[in-house]
Amino acid sequence: MAHTPEPDPASGNLGDERPKWDNKAQYLLSCIGFAVGLGNIWRFPYLCQTYGGGAFLVPYVIALIFEGIPLFHVELAIGQRLRKGSIGVWTAISPYLSGLGLGCVTLSFLVSLYYNTILAWVLWYFLNSFQHPLPWSSCPPDLNRTGFVEECQGSSAVSYFWYRQTLNITADISDSGSIQWRLLVCLAACWAIVYMCVIRGIETTGKAIYFTASFPYLVLTVFLIRALTLPGATKGLIYLFTPNMQILQNPRVWLDAATQIFFSLSLAFGGHIAFASYNLPRNDCRKDAVVIALVNSMTSLYASIAVFSILGFKATNSYEYCLDRNILSLINEFDFPEQSISRDDYPAVLMHLTTTQPGRVARLPLKACHLEDFLDKSASGPGLAFILFTEAVLHMPGAPGWAVLFFGMLFTLGLSSMFGNMEAVITPLLDKGVLPRWVPKEALTGLVCLACFLSAICFTLQSGNYWLEIFDNFAAPLNLLIFAFLEVVGVVYVYGMKRFCDDIAWMTGRRPGPYWRLTWRVVSPLLLLTIFVAYVTLLAWKPLSYRAWNPQYELFPSRQEKLYPGWVRAACVLLSLLPVLWVPMAALAQLLTRRKRTWRDRHVRPNTDAR
């Protein structure tokens, strides 16, 4: 075991008065809770299914080894060694990098706004799950009570509950609509819950994390066991993991795999730096980085199995319902006895009738029923949680109970991720002393949560879902890629590779091997630069558009593709640049300050010497 004398950290002190985790389990669960979020449930399974099933795991594992784990190790190590939040860490490494810390704080603030809004939606569904039948199980009657609401009949009960009864969405982003008070109340409740959990930093989140980080695994396990007993579950799993290796020739697969690893681990937000800053200085951060990254990836895989087992059951149900409708049409048209045609016999009967009496068969409203078509109806993001999965739950015995478990799981998943987002904002502000020392931490936390709540009210408007999609698509991706590139370059080439390796040797007792040094110095920066160029190219090639829910659209219930108005496109650009602008602005301010100080010293010193 190599022993290295303790190097002086850039901060000049180790912050002995800094709070510490009660135990290692709290720290690991907090990092896992921050990394494992909603994307593990509704993004990774979608990518797996879209890009050749098991074949997607090839670029995913490569990105994990050469991008995810090395960058994760950098964040945990630098936070633990310097024992500061993101602003303090990057200011200590170089004052010219102080903007990187400010950018991370700004980005975490912006992400918290829409992330907790999603939790408000989840809370609304959770509260509506305590009734039988579930409110999205059937269409509501129209005003005359003579039929059902036309918009619901034209789409589905599940879609109607989501788009109309929950969001009450407008048909155009330019039409802001009014505040939806039920969502505003849910949003206020979510921010109140977040505040109560983060009120005293890791002292309170460390207690809450035991439940919020472990409960999702319990629910996933229960769902998986139940799903595997349902008809069609194995078909969903076969469809998910059947590898299509030819898909690897598509560069988009590699880009999505690399970005999924990046966002799934919550890199470059500053939350992991904040969590690691509360560690004991001699903690083995290298082992932590590997363990947490592997747990995160295994959770994504585990969630995929549970999700697609249930979606396989839903697809089988829809497929059988489609067959039953066609069989009923044949029986009615040809006066066959009831139940004379089974699902297995249907293809042969249809072929025989099409051959012998093609005219009568052609007049029937028969639909093409293929199981693969129903399995293809996958979705990511809110579409999976609030439409596909809620519809699948309807077909399960004891549907309200499963709905309560599912939305309870989503809420705790999102809540544990919010702990990391809030620490990424609050810890740097506490380190910088933005409020006088006599003001308690609880007051600063309350002010931050209140500011977030007030800023997020725009998402409770009828057009709020469109704006949430804009924040999700433009606030984080480009900024995170730039911040991660600057982080690894700042540590390796500004802080210094030898100095950083000395720090790790002092903390863990072992110097980083060739794998770590090579990925930090060459592979990870080049990979990040490649992803950035590819992402910008893709963004420039793709028109800035959104999909509107418009009941008047001729292809309804398909969503209408619309281009963003000019002022919205300007907002997209501003949102993409807002966090990263701190980097050049802070560097320029530091340069001007130093030149001013140098100029002042040159003019003051001669007068002093003359005396």
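Residues numbered from 1 in each chain as written. Predicted model: local features only at pLDDT ≥ 70, side-chain atom pairs only at ≥ 80, totals over all residues. Heavy atoms only, no water.

Per an unreviewed UniProt entry, the protein goes by the name Transporter and belongs to Saimiri boliviensis boliviensis. Under Subcellular location (unreviewed entry), UniProt gives the following word-for-word description of the protein: "Membrane". (UniProt positions renumbered as here; feature names shortened; annotations may be inferred.)

(A) Fine view of the packing of aromatic side chains. The tally for this structure, following the rule as stated, stands at 39 aromatic pairs. Centre to centre, the rings of Phe262 and Phe263 are 5.5 Å apart; their planes meet at 80 degrees, and the pair counts as edge-to-face. (Phe/Tyr/Trp six-rings, centres within 6.5 Å; stacked < 30°, edge-to-face > 60°.)

(B) Region of the structure containing the state of the cysteines. Tallied over the entire structure, the rule returns 2 disulfides. Disulfide pairing is shown between Cys139 and Cys152; the S-S distance is 2.0 Å. Negative torsions about the S-S bond denote left-handed disulfides, and the value of about -85 degrees found for Cys139 with Cys152 makes this one left-handed. Here Cys139, found in the loop between helix H6 (98-128) and helix H7 (150-154), pairs with Cys152, found in helix H7; they are 13 residues apart in sequence, far enough to count as distant. The exposure classification of Cys139 matches that of Cys152, with both residues buried. Put simply, Cys322 and Cys369 are joined by a disulfide, and their sulfur atoms are 1.9 Å apart. Disulfide Cys322-Cys369: torsion about the S-S bond near -75 degrees, hence left-handed. Taken as a pair, Cys322 in helix H14 (residues 285-334) and Cys369 in the loop between helix H16 (358-363) and helix H17 (371-376) lie far apart in primary sequence, 47 residues in all. Taken as a pair, Cys322 and Cys369 share a single burial class, namely buried. Along the protein, the cysteines engaged in disulfide bonds are linked according to the scheme 1-2, 3-4 when indexed in sequence order. Of the cysteine sulfurs around Cys186, a residue in no disulfide, the closest is that of Cys190, at 6.7 Å. The class for Cys186 is buried, based on a relative accessible area of 5%. (Disulfide = S-S within 2.5 Å. Helix = DSSP H or I, 4+ residues; strand = E, 2+ residues; numbered from the N terminus. Buried < 20%, exposed > 50% of the residue type's maximum accessible area, 1.4 Å probe, protein only.)

(C) The arrangement of the packing of H6 against helix H18 (residues 382-394) in detail. Two numbers describe how H6 lies on H18: the axes approach to 11 Å, and their chain directions differ by 15 degrees. Relative to H18, the element H6 lies roughly parallel. In this structure, the crossing between H6 and H18 has a hand that is left-handed. Facing Ile118, Trp121, Val122 and Tyr125 of H6, the residues of H18 in contact are Pro382, Phe386 and Thr390. Counted by class, the contact of H6 with H18 contains 6 nonpolar, 1 polar and no charged residues. (Axes fitted to C-alpha atoms, helices over the stretch in contact; angles between N-to-C directions. Parallel < 35°, antiparallel > 145°, perpendicular 65-115°, else oblique. Left-handed = near helix turned anticlockwise from the far one by under 90°. Contact = heavy atoms within 4.5 Å. Nonpolar A, V, L, I, M, F, W, Y, C, P; charged D, E, K, R; others polar.)

(D) Inspection of unusual backbone geometry at higher detail. Between His132 and Pro133 the backbone carries a cis peptide bond, its omega angle lying at 0 degrees. Here Phe556 and Pro557 are connected by a cis peptide whose omega angle stands at 20 degrees. Inspection of the secondary structure puts Pro557 in the loop between strand E1 (545-548) and strand E2 (560-563). Its identity is not glycine, yet Asn168 carries a phi of approximately 50 degrees, on the positive side. Residues other than glycine seldom take positive phi values, yet Ala268 does so here, at roughly 70 degrees. Summarising the element assignment, Ala268 is placed in the loop between helix H12 (251-264) and helix H13 (271-276).

(E) Looking closely at the nonpolar core. Trp191 and Met422 are the most contacted members of the largest nonpolar core, which totals 175 residues. It is H6 that contributes the most residues to this core, 17 residues altogether. What Trp191 contacts, discounting residues up to four positions off in sequence, is Ser112, Asn116, Met418, Met422, Cys449, Cys452, Phe453 and Ala456. (Core = buried A, V, L, I, M, F, W, Y, C linked by side-chain atoms within 4.5 Å.)

(F) Expanded view of the environment of Leu591. Checked against the element boundaries, Leu591 lands in helix H25 (residues 582-610). Given a relative accessible area of 32%, Leu591 falls into the partly exposed group. Spatially, the C-alpha atom of Leu591 lies 20 Å from that of Lys432, the residues being 159 residues apart in sequence.

(G) Quick look at the confidence of the model for the protein. Residues with a pLDDT of 70 or more make up 95% of the protein, whose mean pLDDT is 89. Predicted confidence for residues 11-15 stays below pLDDT 50, and this span has 9 contacts to residues more than four positions away or in other chains. (pLDDT = per-residue confidence, 0-100.)

(H) Structural context of the pairing of E2. Of the two faces of E2, only one is covered, namely that formed by Gln560 and Lys562; the face formed by Glu561 and Leu563 stays uncovered. Summarising the sheet, E1 and E2 pair through 4 bridges and their orientation is antiparallel. By the bridge assignment for E2, Ser545 is matched with Leu563. (Pairing = 2+ DSSP bridges.)

(I) Quick look at the UniProt feature "binding site: Na(+)" (unreviewed entry) in the protein. Within the UniProt annotation, "binding site: Na(+)" (unreviewed entry) is assigned to Gly33, Ala35, Val36, Asn40, Ser264, Asn296, Leu413 and Ser417. The named residues occupy 385 residues along the chain; their greatest pairwise C-alpha distance, 12.7 Å, places them in one compact cluster. Excluding residues that lie within four positions of it along the chain, Val36 makes contacts with Tyr217, Asn296, Thr299, Leu413, Ser416 and Ser417. If you trace the backbone, Leu413 turns up in helix H19 (residues 399-432). Take Leu413: its relative accessible area is 5%, and that puts it in the buried class.

(J) Looking closely at the side chain of Ser98. Position of Ser98 relative to the elements: it lies in helix H6. Side-chain polar atoms of Ser98 contact the backbone oxygen of Pro95, separated by 3.0 Å. (Polar contact = N/O pair within 3.5 Å; in protein donor to acceptor, adjacent residues only side chain to side chain.)

(K) Structural detail: helix H4 (residues 57-82). Taking 1.5 Å of rise per residue, the 26 residues of H4 would be expected to cover 38 Å, and the 35 Å separating its terminal C-alpha atoms lies within 8% of that figure. The largest bend along H4 reaches roughly 45 degrees and is located at Leu64. Judged by how many residues are buried, H4 sits mostly within the fold: 20 of 26 residues are covered. Of the residues one or two after H4, Arg83 is the one with positive phi, at around 55 degrees. (Expected span 1.5 Å × (residues − 1). Bend = angle between axes of the 7 residues up to and from the residue.)

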